[in-house]
Each structure stands twice: as C-alpha cells, then as structure tokens.
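Each chain, written out:
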Amino acid sequence: ASGKNAKDMGAYKFWQTQPVPKFGEEGAKVEDGPLKMQKVEDIDKEPQPLVAGFEWVTVDLMDDGEIKEVYELLNGHYVEDDEAMFRFNYIPEVLRWAMMAPGWQRKYHIGVRASQSRKLVAFISAIPVQIRVRDKTFTSSEVNFLCVHKKLRGKRLAPVLIKEVTRISNLDGVWQGLYTAGVVLPRPVSTSRYYHRALNWKKLHACGFSPLPAGSKPEYQVRKYALPETTATKGLREMQDKDVDAVVGLLKRYLGRYDMAPEFAAEEARHWFLPKKDSKQVIWSYVVEDNGKITDFFSFFCVESSIIKNNDVLRVAYLFYYASEAGLSEPFDKPALKTRLNALINDALILAKRAKLDVFNALSLMDNALFLEQQKFGAGDGQLHYYLFNYRASPISGGVNAKNQL
Ligand code: NHW
C-alpha cells in the first residue's frame, strides 16, 4: 500500500464493500480460499438500473461496426501513462484475441450507451480462466478493458460496471475474479514492475519514450541496442498446431514452479499461442525442437500505443508465456536456466525486431530476473498489481499471469 495511489482502507468507498482482502493483513498466514460464499439463486436476475439517459447493452464483437465502437472508446479513453504521452491502441484483432478466448460469451462484453445518441460510453469485459493458486485450481472471471468515457469520470460508474460483471459471473456459478491494474486497490496478491528493452532506439527517443542518458550520444545508444540479424538457438522454429499438446505439457510443468498461474487446456493454448493466418499478426510463438522433443517455448504479443502528440504509434512487444526444460532439472540448476533463458530471450528480441516492433516489454515476474539486465532491459516507472476477487491467499511468490498485461 505504499504506492502513490495508496489510500487507507476507509477511503475506498466501493472496494471496502467488496469481498477482497484488506490492507493491514498482509503477510498473515491464512488458509487459501473464498472470502464469501453465495448461492446462484440469491443473485439478482436483473442489472442495477443506470442513471436516466443511459442503458445497458451487450456488444457484439463479431460485428465490425460494434467492435469499432469499442476500439474507438478505448483508443480515446483507455489507459495512459502518467504524462499522457501514450495511450494503448487496441486494434480489433487484439480485442478479439483478448476477449473471444475459448469459453467467451457475448453477455460478458458489457457496454453502456447514451440512450439518445446511442454512443458507447463505458465498457467492461471478462473471459473465463482456470487459475491455480498453490494446489487449488478454480474458475475465475478475468476482467479487462474497464473504461469510462472521460466526460463521465468520477461519477461512480466504474463500481456499477464492476458489480454488473460480478453479477453475470455469479449467475454462471463463477465466484472468483482475476484482474490487474496500475493503480493500488485493496489488496494486490502480487506486484511487478515493467521493464523495457529498446529495439528501435531512434524512434523511441524521437517520441520521448527513451531519453538520451547523460554523457551518452545517440549513436552509442543505437549500438548498445543493436541485435544480430539471425537467431542462434539450434532447433528454434515457429510453433505449429502439431506442437500444442507438447507446449501445454511443458508449460504446465514449468508454471508449476510458481505459486499462482493459469492452467491452459489445449484449445486455450491454440487460441493464445497460434497466430491467425487471415488477419494482422498479434501473437508470435516459437518452440525449440530437439530430436523430435519440444524442450523450450516462448511467445510475445504486440499491442500498439498511440503517441498522443503526433498521431503515430509505437509497436510494443510484450513477453508472454515461456517454458524450458532447463528449469525443470532435478536438482534445480539455476545457472543452466539463466544461460538458457538468456539465449531464448535474445532470440525473442531478434524475432520481435524482425517483425518491426519498436520496444520489448517484460515484467519482473516468473524467472525474468535471470535475463532482464543481461538482455539490456531497463526498469520503467509503471507497476502492475495483480488482484483476486473473493479469494484470500497467503503471500504469493513469483505470481504470474502474463496475459494480464493486456
Ligand atoms: S486496469 C485499466 C482500467 N481502465 C483504465 O484505467 C482506463 C482509463 N480510466 C477509466 O476509464 C485493467 C476510468 O478512470 C475507470 C474508473 C473506469 C478506471 N480497477 O466511476 P468512478 C482492467 O480493466 C475504483 C478497479 O467514480 P472513474 C481491470 C476507484 O478506486 N477499480 O471512477 C478492471 C473507486 O473505488 P473506491 C478501479 O475514474 C478490474 C471507483 O473505481 C479502477 O470514473 C475491475 C471510482 O469509480 C480499476 N482500474 O472510472 C475489477 N480504477 O473504492 C474487477 C478506479 O476507491 C473485479 N477504480 O471508492 C472482479 C469482478 C469479477 C468478479 C467475478 C466473481
């Protein structure tokens, strides 16, 4: 609770009414489990009414016109950095990938329209995910893209949207939520920091993302971040459909090393990791094959950010999931994992550069501490806090859900 947005518990007028852990109880050893038990039959069948002039809708993301409306709402009003230099630009391909994962239902694409103008002014969404916290796995609504039009801010609409996605989840028998935010709310289960690795330093400098360090020269920076043309890992190739089962198995074992992680069914892995051939590429996934066996896997996705001052975009790569047999040897061989991850991530940087991405982001979670410095990532000023709704857990180490950077 020491972040710049931290408030004492009583100041969280909405969140103090919700089944989330409170500040001041950190570090306590508790038995993991739900905070509140309810029954489906006790859940309201209808949404809470909105103030006059606004109405609930569900958004049809299959419809090009409707997804464009969500795109435009987010493009104009979603998350910005503190200096308002950049704002996420979630193109429809990314929105569909993120919100139409296996198990998605249209009723979770919740919008608010102005009754007269029909304009979409607020949005929230969720997809179902399987989350494992230590030895317990449960279904959870992963909530994302909460957005309120700038003209309607501060009017307590966000809590109404959050209660609506909770109600819809509860009616489906889902009682837990998972979400991330840059702001501090009661109470993160895990917190990580963003790290950035320049791929196109000149562009990052020109748009104000990367300052020139004191005493340095632009050409030094360009040289510092230069990368080879070709990857180095033997057996590295693009992941294909035939690799899905092997990747799921490897990931399950690798993610088993962390206290908290998602569990992927084959169909989910196919959705999250295999690029769609017929639209703009969102996700890049690679495997290392050694004598017919998949020994390593990594993936990254791209989300653009608008450069607010000049209408250009930054193409930002986000490190997604990875796994390596090098982390699974008995006994655990940390130096071997470090060497392997550095080789894999260096190849990921090369591939991202080849795909014309400008910067590569990673969080301080999973085993990323083993390569961030060596691969020339620098600490950013953004933090990402991970939250569970209606779940109490003892402190989580190495908490991971890379998807939640979206
Ligand atoms: S985080 C990105 C959230 N979106 C943005 O930052 C976009 C730009 N900002 C906005 O659109 C990824 C507005 O400022 C928003 C707040 C809409 C953020 N999460 O309406 P009021 C996600 O999408 C609390 C949760 O007056 P506003 C994850 C705030 O603390 N709560 O504010 C979303 C205060 O409560 P308090 C947030 O500025 C997860 C109340 O909202 C929040 O007009 C959602 C003020 O409301 C945030 N990011 O609109 C939770 N930001 O207690 C899912 C502010 O302090 C929970 N607030 O009085 C799980 C549900 C599913 C359960 C299933 C069983």
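Bear in mind the structure is a predicted one, so any value in this text is a computation, not a measurement. (Residues numbered from 1 in each chain as written. Predicted model: local features only at pLDDT ≥ 70, side-chain atom pairs only at ≥ 80, totals over all residues. Heavy atoms only, no water.)

Time to look at the side chain of His 196. By the secondary structure assignment, His 196 is in strand 7 (residues 190-198). One polar contact links His 196 to Asn 361, side chain to side chain, over a distance of 2.7 Å. With residues near it in sequence (within four places) discarded, His 196 still touches Phe 209, Val 359, Phe 360, Asn 361, Lys 376, Phe 377, Gly 378 and Gly 380. (Helix = DSSP H or I, 4+ residues; strand = E, 2+ residues; numbered from the N terminus. Polar contact = N/O pair within 3.5 Å; in protein donor to acceptor, adjacent residues only side chain to side chain. Contact = heavy atoms within 4.5 Å.)

Further remarks concern the pattern of salt bridges. Taken as a whole, this structure holds 21 salt bridges when the rule is applied. Where Glu 304 meets Lys 280, a salt bridge forms, and the shortest distance between an N and an O atom there is 3.6 Å. Separated by 24 residues along the polypeptide, Glu 304 in strand 11 (residues 293-307) and Lys 280 in the loop between helix 7 (266-273) and strand 10 (283-290) bring together distant segments of the chain. Exposure remark for Glu 304: the relative accessible area of 9% places this residue in the buried category. Connected via shared salt-bridge partners are Asp 32, Arg 134 and Asp 259. (Salt bridge = Lys/Arg side-chain N within 4 Å of Asp/Glu carboxyl O. Buried < 20%, exposed > 50% of the residue type's maximum accessible area, 1.4 Å probe, protein only.)

Around the ligand lies a shell of 35 residues, among which Trp 15, Leu 146, Gly 154, Arg 156 and Ala 158 are the nearest. Phe 145 places a main-chain nitrogen or oxygen 3.2 Å from an oxygen atom of the ligand. Here Gly 154 contributes a backbone N or O atom positioned 2.8 Å from an oxygen atom of the ligand. Put simply, the parts of the chain that give the shell around the ligand at least two residues each are strand 5 (136-148), helix 3 (157-171) and strand 6 (176-181). Per element, the largest residue contribution to the shell around the ligand is 8 residues, and it comes from helix 3. (Near = heavy atom within 4 Å.)

A few words on the pairing of strand 4 (residues 120-133). In terms of residue burial, strand 4 counts as a mostly covered element, since 12 of its 14 residues are buried. Pairing analysis gives 5 bridges linking strand 3 (residues 109-114) to strand 4, with the strands arranged antiparallel. The partner of Ile 110 across the bridge, within strand 4, is Ile 124. In textbook terms, the turn of a hairpin is the stretch between consecutive antiparallel strands, and for strand 3 and strand 4 this stretch comprises 5 residues, one of which, Arg 118, has a positive phi near 65°. (Pairing = 2+ DSSP bridges.)

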